[in-house]
Structures are given as C-alpha cells and as structure tokens.
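Letter by letter, the chains look like this.
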Amino acid sequence: MNRTDSFTRYVASFVDELVRSGVEKVVISPGSRSTPLAILMAEHPKLTCYINVDERSAGFFALGIAKAGQKPVALLCTSGTAVANYYPAVVEAHYARVPLLVLTADRPHELRDVGAPQAIDQIHMYGHYAKWFVDLAIPEEQPAMLRYARTVAARAVGTALTSPAGVVHLNFPLREPLVPNLNLANLWSKQDNRDTYVHIAATSPVLSDNQLDTIVQLAEGASAGLIVCGEHHVPGFLEHVQRLSEHLKFPVLADPLSQLRAGDHNKQGIIESYNTILADSVLVEALKPDVVIRFGAMPVSKPLTLLLKNNPDIMQIVVDQGGGFRDPTLNAAYMITCDETIFCERLLGKVSKREASPYYDKWVQCNELYRGMIDSLVEQMTEMFEGKIVRELQKLLPDQSTLIVGNSMPIRDVDTFFSQTTKDITILANRGASGIDGVVSTALGASVDAPKRTFLLIGDLSFYHDLNGLLAAKMNNLDLTIILINNDGGGIFSFLPQSKEEKHFETLYGTPIGLDFSKVVDMYNGFYEKVESWEEMRTLFRSIESRKGLNVIEVPTDRKNRVNIHREMLDCVSQEIRKVLKQ
C-alpha cells in the first residue's frame, strides 16, 4: 500500500475513535501541516467542524463549547507559533477544569531543530497545564499501529474527562504528502467489534466511614455553620446541597457561578448578598462562622476570602471530587476528595436534623434587608451605573437563557447585584485564570448548542482584547447579544490602591482607548446600538429579543464617578442592616 493510503488509514482510525469516545465537535485553525487531520475530520459523518482562523480566538471558542456542554472538544492547528497561540485558552481550561483535546501538527523528527520553516519545539509546549502529552508515532498502516492510534484517541478523551477535567495535548509529526485519500474503501472500519477500542471508566471517590464520622461531629457541634458554593457544574448537586443546608440549618453563600441564585429550585437559606455584608467589619464580627463547608472553586468575593484568610480558627472543610488543593486562604482544616453529591447524601444520612438557629436567622434577615434596600436604591437611580445595568439585565433576560460574564468589574458587579430569581438563567465566566482575553470567543462557543438564548456582559477593554472573536458569529451564523459596558478604560483599578497615584494612574491603569465600536460590529455584519438612558436600554432590549445573529448594545458609564456611587450605596445598605441587627 502506498504511503498516502497508509497515513490515511492511521489518521482515520484516530479520528474515528475520537468520535466513538464521545467527541462531537472540533474547532479547526487552517494550516498546511495539519491537512490530514483537518480533511478527515471534515469527512467524518458524525463530527461537526468549526473553522476559526485566529488561533487565540479558536482556543477560547472551543473552550466555550466544552464549558457550556461539559463535553470534550477537539482543537486542531498547524505547526509553529499557531500552537503557542492556543496557550491562553489551555491555561484557562486547566484551571477551570474544562475537557479540551489540543491536536497540533508538527514537522517529522528529521526536520526538527535543523532550521526548517514553521518548526518550533512543540514537545511539552503547555507544560503542566496539560494532564497528558503524547508526541505520536509517525503514521503507519500496520494492525498494531492502527490499534495504537485508536488507543491514544480513547485514552485522550478519557483522561480529559477524568476528574479534575482538563487539557490533553497530542502532537502529530507528519511527513509529506499531506492530502489523504478519501476514496479509500472502508475508511472508518475497525479491526474488532467493540464500540470503542478502550473505554476509560469514570470513578467517584467516596469518604471513608471514619472520615465521615469526623465531619459529622464537626457539623453537629457547630453553633454557627456556613456552606460556601463556588463555580460548580455537577448535575443534581444543587438539590442535594440545598437539602443539606436545610437539614443542618447552615446558610449557603452562593457565588453567581454556583447556579444556586437562579432557577425554580428551593432557595430557602440561599444567601447572595454576602459580598456586601462581609465588607462591613461590624457585620463580619456578628456573622463570623465557626465551621464552613465549601464546594466548588473559590468564589469571586474578596470580603469572603478575607474572612476565611484572616480567621484561622474557622474550621474549613473543602470538598472536591477532583482532589485539588483549592484553598488560597491556606487555612483549610480538612481537604476532602469525594464526589460532592455523594458527600451531601452521606452527611444527610448521618447528621440529625436541626432547628433554625439565631445565626441562621441573622443571615436570612440580612439577605432580605439587603435585597429590599438595593431594589429601592437602584430604582431611584437615573445615572447609567454598572450595578443597575446588572439589575436591569436580570429583569430583561428571558427565561431559559445563558449569561456569560466578563472578568474584571462585570463579574464583580454580577456577584454584588444579581439577586435570586426563578428564571432559568445559567451564568458562566472564565474564572480559571480570570483573564480578560478570549471572553467574546468563549461566549460564542457557549452559544453553539445553547437551547437557551445567549448573552454576554463585558467591559470595553475585554471586548477590545477579543474583537477577532466576532468573526466566529459571522462564519457560523451564531446568535449572541452583547451588553457592552463602556467606561473607556480599566474600571477595576479605580477600586484598587493604584488609584491614589494620580500622576500616572490614567496612563498605566485607566488606559482609555476611545474606540468607536460601531464600526467593528458593522464589519462583522452585526447590529449595533448605543443607549443613553434606562428607558432606551429596556426598549432596545425588547425590540431585539428575537433578533438572530450578532447584536451589540453599548452602555456608556462614567468610570470616575462609579467608585463613589458604588461605595455610598453599599455603605448605606450596611448601616441600615447594622441598625436592624442592633450591631
């Protein structure tokens, strides 16, 4: 058999096994060296291909698809710096535990380190950010090599999905000629009758009886217990953690990415206002817990992090199926590697049901006071203020929608101002590395299969960082509505100590860019409108509710005034809560 047929069969075996192992989508960045993989992926009848010419955008686009679907997505590029441009998305996928298969074409071994064009050192390119790396063998058609190709594919998918989910990097050295033979008979045939060549079974770690007894004693002995939930995507967990909260009478401090604030589930004991409450030193003393059970990633809230960091006497129990050390406070007393849902079930079965305590009632009362006061203060506001944008957006978002939130100030505003709702709203963000790059592409990736309408709340600098990402909407006919908060610069720095250095602040941190975004939206065939009032925002939002394609609503705000408005509003709320609690 000639060499073209030989490498065709080898690569086809790999691609087919990816599909048999559960991969349904691949994002391809065009290039020459990756031709065998790209053509055979496009040819496979059960694989959907998306083309994204900018590798950095492509990486985040694939990440968005995988994040929203919680399924592995393949990402393919040619050799050279194309591989390096995937790096930011790989880092985010690693820390956010998103299953991503990065497939990189490479020069064959004889053309490495000899000055060949578009050849860089791709071996272990992503370092420890990849759970597994393989520099594959040169394609051959021998029974053992076809089994090898299928084994690598199945193992790659299984490894990417095994908790904690993450990145697998497969590097393919390929010799010319590079165009496969699509007329080869039985292109997707296998040598055996197995559905998948090797099945990687997922396992769920459980708690031993002795460990469980220790946690039971701590929970039953706590007079002031809390449950803290960060970003989490395990099916069924919401109901279990809510039942545990009600059983223990431990309030749940719910990060917006925990998915506990929105939906028709029981929200008794769910607290969303903790970020503001814990920013008040008096209220911190009144509401300090003695035991905390924490699930998921560390929440966005800095006041919560400081509470746990500054009080090592708080007994922290961190539960993580992936076995990671998710404790930036460095004060955790117990690191529990256990399936979070099973942990809740077993604890529910052993701990006696408790009556509401004064501590529990205080948290519920504080939360209700906060919600009522913020509603009243926001309602009276006429200025275009970021906190009210979140509040208005929450009212305007349809049921069955997905909201992607940009980093820097947008995610913090959502943490502070997004309240409980019965609407089915899924909130996603790139909080693994918390960068402002790639957010547009992530949102468009998340919109690919969304049964819900998809929206993106993003700041102007983050939007600028990923303008290339808008091409994916045009090329793939995707629907995304972007609410662009434009305060002409880096708003978050106004809240940080750097803001006191007035001489260099605007140049180094404020970084106004003064761009007219309408032109770039027009370039990608999108709809653009700027709103200057709340009524304009509501009217426009409703008018485009069913409009397909790319929609951008720009909301200008005043970066210089927002810090004072934000602090005055939340100080007012804290003072009123103190009065009611008599603190």
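Above this text is the structure in question.
Residues numbered from 1 in each chain as written. Predicted model: local features only at pLDDT ≥ 70, side-chain atom pairs only at ≥ 80, totals over all residues. Heavy atoms only, no water.

1. Notes on helix 5 (residues 87-96)
This is how the line gets drawn: Residue burial is assigned from relative accessible area. The probe radius is 1.4 Å, only protein chains are included, and a residue is buried under 20% of its type maximum, exposed over 50%, and partly exposed in between. Per the convention used, a helix needs a DSSP run of H or I reaching at least four residues, while a strand needs a run of E reaching at least two, with both numbered from the N terminus. A contact between two residues is defined here by any heavy atoms of the two lying within 4.5 Å.
Listed as buried for helix 5 are Ala 89, Val 90, Val 91, Glu 92, Ala 93 and Ala 96. Where helix 5 is buried, its residues touch helix 3 (55-69), strand 4 (100-106) and strand 6 (167-173). After helix 5 finishes, the residue Arg 97 shows a positive phi value of roughly 60°.

2. Details of the packing of helix 3 against helix 5
The condition that has to hold: The angle between two axes is taken between their N-to-C directions and runs from 0 to 180 degrees, where each axis is a line fitted to C-alpha atoms and a helix contributes only its stretch in contact. What sets the label is the angle itself: under 35 degrees gives roughly parallel, over 145 gives roughly antiparallel, 65 to 115 gives roughly perpendicular, and the rest give oblique. Polarity classes work like this: nonpolar for Ala, Val, Leu, Ile, Met, Phe, Trp, Tyr, Cys and Pro, charged for Asp, Glu, Lys and Arg, and polar for all others, with Gly in that last group.
Helix 5 packs onto helix 3 with a crossing angle of 25° between their chain directions and a minimal axis gap of 8 Å. Between helix 3 and helix 5, the interaxial angle falls into the category roughly parallel. Residues Arg 56, Gly 59, Phe 60, Leu 63 and Lys 67 of helix 3 form the contact with helix 5, whose participating residues are Pro 88, Ala 89, Glu 92, Ala 93 and Ala 96. Taken together, the residues that form the contact of helix 3 with helix 5 break down as 6 nonpolar, 1 polar and 3 charged.

3. As for the packing of aromatic side chains
Put simply, the rule reads: Two rings from Phe, Tyr or Trp (for Trp, the six-membered ring) form a pair when their centres sit within 6.5 Å of each other. Planes less than 30 degrees apart are called stacked, planes more than 60 degrees apart edge-to-face, and all others tilted.
Scanning the entire structure with this criterion turns up 10 aromatic pairs. Look at Phe 14 and Phe 172: their rings are 4.9 Å apart centre to centre, the planes differ by 75°, and that puts the pair in the edge-to-face class. Of this pair, Phe 14 sits in helix 1 (residues 3-20) while Phe 172 is found in strand 6, placing the two residues 158 residues apart along the sequence. The burial state of Phe 14 is the same as that of Phe 172; both residues are buried. Between Phe 455 and Phe 541, the aromatic rings sit 5.6 Å apart at their centres with planes inclined by 15°, giving stacked as the arrangement. Of the two residues, Phe 455 sits in strand 15 (residues 453-459) while Phe 541 sits in helix 21 (residues 534-543), which places them 86 residues apart along the sequence. Assigned by exposure class, Phe 455 and Phe 541 land together as buried. By way of ring pairs, the aromatic residues Tyr 87, Tyr 95, Tyr 126 and Tyr 129 are connected into one cluster.

Scope: geometric values only; no functional claims are made or implied.
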